[in-house]
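Fold and geometry: a report
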Amino acid sequence: MSQGSLPQLQLAKIFHHFKEYEKRLIINTRANSRKSEEFLSAQLGLQERIHHELSTSCNALIDSISKVRNTSGNLAVENQAIQPQLLGDELRRLTMRLETFGSEQQGSTILGQNIRSVNLLIKQFRILYATTARSAPLSRSAYALVLLALITPPIINYSSFTEALVAFPIMILAITMAAHIISKALASNSPHALRNLSILIYLTGFLPMISNLIGQVFNPDPNTRYPIYITGIIVPISYYIFIKVLQVLHPHSLELIRNDELKASSALQVAVTKVVSDEFSHALSHRWAIFIHGKILTRLAATALKLETASQAGDTQTFNAAIDSLISLLKNPDAKFDQEVTDLETEVNSRLDPWLGLLEIELHIDQELMSVRNERVREVGEVIEELISNSMRHGKAQKVNLRVIESGDKDIQIIATDDAAIAPPEYQGRFGLGTRIFNLVSDGRWSITRVESGTEFKLTMVIRL
Amino acid sequence: MGSKIKQSVMMVEDDEFTRSTVKAALEGKGLNIVHDTSSVKDAIEYAKSHRPDVAVLDYNLGKGPNGIDLANQLRRIQPNIAIVLLTAFLDPAQLDKRVAELPAGSRYLIKHSVTKIEVLIEEIKEAIKSAPAA
């Protein structure tokens, strides 16, 4: 290995650890967010809102059916009056609102997510900077050398050799003094030390401009005047950024990162909670929209058909029974929404069974996990449903091997390999309902990789609460 | 109304009320409903062994595959099967963004437009006409 590649290796090592740290940080922050008051209240609020809107729509429908029922004593007339109500326009509008609910949220597009990621990264970068600046500040010489490196090109370009001989020592002296002041400011126990440090760093960046302007007072010469956009803008800003990056790349930050000594900033915590809430909202709204379509709108359409047939046959009993049955459903529209909690083996099989005949599925569940029964089990089912749908619909897979195995005391790992010819949308960086469900359930601990013969999906999630 | 449908029809619908209502209405019009089920697996097994001429499928079949997944599989088993897809969704992408393409010649019918069974019967006739030749 050549010696020149060592600093690069060190840099790559720092970035690698930073990336890993970022991942762990987000995972922990997401896990905390799920337990936060904000998330729990958002979750409850959404459930209540959907329940309220559904009940309101169903009650309005009951009222409109009741108004036209038994008014004429003529089945055909009554049928004609009821039919328009059974189109369920209000419920249809509700499902449309539910479908667009998650996608209206800020940051649910790829662009929005990326912008937010950059913002969060900047905020986390500030925390890393603040921590390392206090625990392992840069040396004075580092402050001085960075500025000297920045100002050397203008000095060479705009000064004669003699002037450079004068300018350099003065500059070194001024910069060293500034570095001394910066170190002092940082060493103070002032609560504003970091803010003062930032101001001082920024002001220090103006030293070359100030010294050049002073020089111009004593010896005016347009040829040796530094361009103001260099010394007044580029040098101070570059100095500020370089110093901060250098501080973050300090070897000590590697230790902090490795040991997870950096906590999420409150901004990061708030933003992650928002993301988790959005994912939850979108997933839940989608489930409700599908439920309303499958269980209520479908029933309205079937009732419309039944009434039409009964009316043509003059069958009052069937006609009335169909309306009574519909009203009974509308009075309690969400009765079948919340499924019972089952054990993990039953849940997984209930998700896989419908696919048999379309796909060849090999399943392994660790013996110890089969009887686990809690509210997270349904989420295991949702993940499996999503990944099988992906394999089949998107990847055109014909075979899936699925393993649900223990991973530590509390976690499980869901590993699926298939023979998909096409990579799933998540692999291609496309953001959809699947991504939201995977993120929500695993707190970001999932991956999709293309393997030789298809796709491998891995997701780790907490199963034992 | 045109000629009577003599072909055998299989129905797949996960809502029992809807399934029995549509089945009764179709039988009332003289259609030969040879099999009705809520299960995709059962529908596939039936198609393999009995080769029905027509499949009337619900799009949203609950957990697991949807009607389009099933329709495509049925076409693989029986390339000339006529398919009518019944749905409560105006846009199939509402159920799932990863909607596969409907098999050629299939008919897609919004459920609330089927207040008269004749509408469905007409669609079945169209599906039979446009299904690939055997």
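Residues numbered from 1 in each chain as written. Chains lettered and ligands numbered in written order. Predicted model: local features only at pLDDT ≥ 70, side-chain atom pairs only at ≥ 80, totals over all residues.

Of regular secondary structure, chain A possesses 16 helices and five strands. Residue burial in chain A is summarised as follows: out of 465 residues, 35% are buried. A sequence separation of at least 24 residues applies to 77% of the contacts in chain A between residues at least 6 apart. (Helix = DSSP H or I, 4+ residues; strand = E, 2+ residues; numbered from the N terminus. Buried ≥ 20, exposed ≤ 12 C-beta atoms within 10 Å, placed from the backbone. Contact = placed C-beta atoms within 7 Å.)

The next subject is the overall build of chain B. Check the secondary structure of chain B and you find four helices and five strands. Secondary structure elements in chain B, listed N-terminal to C-terminal, are β-α-β-α-β-α-β-β-α. A buried classification covers 53% of the 134 residues belonging to chain B. Looking at chain B alone, contacts between residues at least 24 apart form 64% of all its contacts between residues at least 6 apart.

Residue and element names in this part refer to chain B. One way to put it is that helix H2 (residues 40–50) packs onto helix H3 (residues 67–77) with a least axis distance of 10 Å and a crossing angle of 20 degrees. Relative to H3, H2 is oriented roughly parallel. Where H2 crosses over H3, the two elements pack in a sense that is right-handed. For the pair H2 and H3, the contacting residues are Val-40, Ala-43, Ile-44, Ala-47 and Lys-48 in the first and Leu-70, Gln-73, Leu-74 and Ile-77 in the second. Taken together, the residues of the contact of H2 with H3 break down into seven nonpolar, one polar and one charged. (Axes fitted to C-alpha atoms, helices over the stretch in contact; angles between N-to-C directions. Parallel < 35°, antiparallel > 145°, perpendicular 65-115°, else oblique. Left-handed = near helix turned anticlockwise from the far one by under 90°. Nonpolar A, V, L, I, M, F, W, Y, C, P; charged D, E, K, R; others polar.)

The next thing to look at is the confidence of the model for chain A. Considering every residue of chain A, the mean pLDDT works out to 82; 87% of them sit at 70 or more. Between residues 104–111 of chain A, whose pLDDT stays under 50, and residues either more than four places distant or in other chains, the model counts 13 contacts. (pLDDT = per-residue confidence, 0-100.)

For chain B, per-residue confidence averages 87 on the pLDDT scale, and residues scoring 70 or more make up 89% of the total. Reported confidences for the modelled complex are a pTM of 0.70 and an ipTM of 0.84.

Here we come to unusual backbone geometry. All names here are of chain A. Unlike most non-glycine residues, Lys-396 shows phi in positive territory, near 55 degrees. Among the structural elements, Lys-396 can be located in the loop between helix H15 (377–394) and strand E2 (399–407). What makes Lys-396 partly exposed here is the crowd of 13 C-beta atoms within 10 Å. Even without glycine at this site, Asp-443 takes up a positive phi of about 55 degrees. Position of Asp-443 among the secondary structure elements: in the loop between helix H16 (433–442) and strand E4 (446–451).

Quick look at H2(B) now. Helical periodicity: at 3.6 residues per turn, an α-helix aligns residues three or four positions apart in one direction. All names here are of chain B. Buried residues of H2: Val-40, Ala-43, Ile-44, Tyr-46 and Ala-47, and no others. On an axial view of H2, the arc spanned by its buried residues comes to 165 degrees, and they lie on one face. Residues of H2 that are exposed and point over 90 degrees away from its buried face: Lys-48, Ser-49 and His-50. Where H2 is buried, its residues contact strand E1 (8–12), strand E2 (32–37) and H3. Arg-51 sits one or two positions beyond H2 and adopts a positive phi of about 50 degrees. (Arc of directions from axis to C-beta.)

Attention now goes to the sheet that holds strand E5 (residues 107–110) of chain B. Hydrogen bonds between backbone groups are what pair the strands of a sheet, and the pairing can be parallel or antiparallel. Residue and element names in this part refer to chain B. With parallel pairing, five strands are arranged side by side in an open sheet as E2-E1-E3-E4-E5. Bordering the open sheet on either side are E2 and E5, each of which pairs with just one other strand. Neighbour to neighbour, the strand axes of the sheet diverge by 20 degrees on average, direction disregarded. Bridge count between strand E3 (residues 54–58) and strand E4 (residues 82–87): five bridges; the pairing is parallel. Looking at E4, one finds that Val-54 is bridged to Ala-82. Sitting on the sheet, helix H1 (residues 16–28) is in contact with E1 and E2, with an inclination near 175 degrees to E2. (Pairing = 2+ DSSP bridges.)

Before going further, it helps to examine the interface of chain A and chain B. Listed per partner, the contact involves 33 residues of chain A and 32 residues of chain B. Listing elements by their share of the side of chain A that touches chain B, those giving two or more residues are helix H12 (266–313), helix H14 (344–352) and H15 of chain A. Ranked by residue count, the leading element in the side of chain A that touches chain B is H12(A), at 15 residues.

Another point: the pairing of E2(B). Residue and element names in this part refer to chain B. Judged from the five bridges that link them, E1 and E2 form a sheet pairing that is parallel. Residue pairing across strands places Ser-8 opposite Asn-32, the latter belonging to E2. Read as a crossover between parallel neighbours, the route from E1 over H1 to E2 is right-handed. (Right-handed = clockwise from strand over helix to strand, strands pointing away.)

Our focus in this paragraph is the environment of Leu74(B). Residue and element names in this part refer to chain B. Position of Leu-74 relative to the elements: it lies in helix H3. Take Leu-74: there are 27 C-beta atoms within 10 Å of it, and that puts it in the buried class. Those residues in contact with Leu-74 that lie beyond four places of it in its chain are Ala-47, Ala-55, Ile-81 and Ile-83.

Time to look at helix H2 (residues 37–68) of chain A. With 32 residues, H2(A) should reach 46 Å at 1.5 Å per residue; the first-to-last C-alpha distance of 47 Å fits that figure. Count one or two residues on from H2(A) and you reach Asn70(A), which has phi positive near 55 degrees. (Expected span 1.5 Å × (residues − 1).)

This paragraph deals with the sheet that holds strand E1 (residues 360–365) of chain A. All names here are of chain A. Read from one edge of the open sheet, five strands run E1-E2-E3-E5-E4, paired in mixed fashion. Where the open sheet ends on each side, the last strands, each with one partner, are E1 and E4. Each neighbouring strand pair of the sheet contributes to a mean axis angle of 15 degrees, computed without reference to strand direction. Pairing geometry for strand E3 (residues 411–418) and strand E5 (residues 454–462), over eight bridges, is antiparallel. Its bridge partner being in E5, Thr-417 is matched across the sheet by Glu-456. The sheet strands contacting H14 are E1 and E2, and the helix crosses E1 at an angle near 170 degrees. Along the sheet, H16 makes contact with E4 and E5, crossing E5 at roughly 40 degrees.

Turning to the environment of Ala144(A), a few remarks are in order. Residues and elements named next belong to chain A. With respect to the helices, strands and loops of the structure, Ala-144 is situated in helix H6 (residues 140–158). For Ala-144, a count of 22 C-beta atoms within 10 Å puts it in the buried group. For the pair Ala-144 and Met-171, spaced 27 residues apart in sequence, the C-alpha to C-alpha distance is 9.4 Å. Apart from residues lying up to four places away in sequence, Ala-144 is in contact with Ile-172, Ile-175, Thr-176 and Ala-179.

Time to look at the packing of helix H9 (residues 207–218) of chain A against helix H10 (residues 228–248) of chain A. Residue and element names in this part refer to chain A. In the contact formed by H9 and H10, the axes pass within 8 Å of each other and the chain directions differ by 155 degrees. Relative to H10, the element H9 is oriented roughly antiparallel. Between H9 and H10, the contacting residues are Pro-208, Met-209 and Asn-212 on the first element and Thr-231, Gly-232 and Val-235 on the second. Among the residues forming the contact of H9 with H10, the class breakdown is three nonpolar, three polar and no charged.

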